[in-house]
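# Observations on the model geometry
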Amino acid sequence: FTATEVFAAIDAGATAVKLFPADKIGTDGIRALRAVLPKDVPLVAVGGVDVANLAAFLEAGCQAVGI
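In this text the structure is predicted, and so the values were computed from the model without any measurement.

## Considering the environment of Lys-18
Mapping Lys-18 onto the fold places it in strand 1 (residues 17-19). On the basis of relative accessibility, which here comes to 58%, the residue Lys-18 falls in the exposed class. Taking the C-alpha atoms as reference, Lys-18 lies 4.6 Å from Val-44; in sequence the two are 26 residues apart. In contact with Lys-18, other than residues within four places in its own chain, are Val-44 and Val-46.

Next comes the structure, spelled out in structure tokens:
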């Protein structure tokens, strides 16, 4: 869940980053990551995402979710 880990994944060739379990980092954590990560790297929230909070994860900066 750290920016360092996400940058390591990007450096290793990741074209998107899955955040699991997304409900543990929460939308505030996703906003914080999104602020420092390259905008062209999609974030995918998985784990704890449901119909009730789907929009919040997308608004926080995720480009996709897994339900």
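## Things to note about the pattern of salt bridges
Counted by the stated rule, this structure contains 1 salt bridge. Its salt-bridge partner being Arg-31, residue Asp-28 comes within 3.5 Å of it at the nearest N-O pair. Taken together, the residues Asp-28 and Arg-31, both in helix 2 (residues 22-36) and 3 residues apart, mark about one turn of the helix.

Rules of the game
Every chain is numbered independently, its residues counted from 1 as its sequence is written. Reporting of local features is limited, given that this is a predicted model, to residues whose pLDDT is at least 70; pairs of side-chain atoms are given and counted only at 80 or more, and all residues count toward the totals for whole chains, interfaces and linings. As a rule here, side-chain values cover all heavy atoms of the structure and leave hydrogens and water aside. Where helices and strands are cited, they refer to DSSP runs of H or I of at least four residues and of E of at least two residues respectively, numbered from the N terminus. When accessible area is computed with a 1.4 Å probe and restricted to protein chains, residues below 20% of their type maximum are described as buried, those above 50% as exposed, and intermediate ones as partly exposed. By the convention used here, residues are in contact when the closest approach between their heavy atoms is within 4.5 Å. Whenever a carboxyl oxygen of Asp or Glu lies within 4 Å of a side-chain nitrogen of Lys or Arg, that contact is scored as a salt bridge.

Function-wise, these values are silent; they only describe arrangement.
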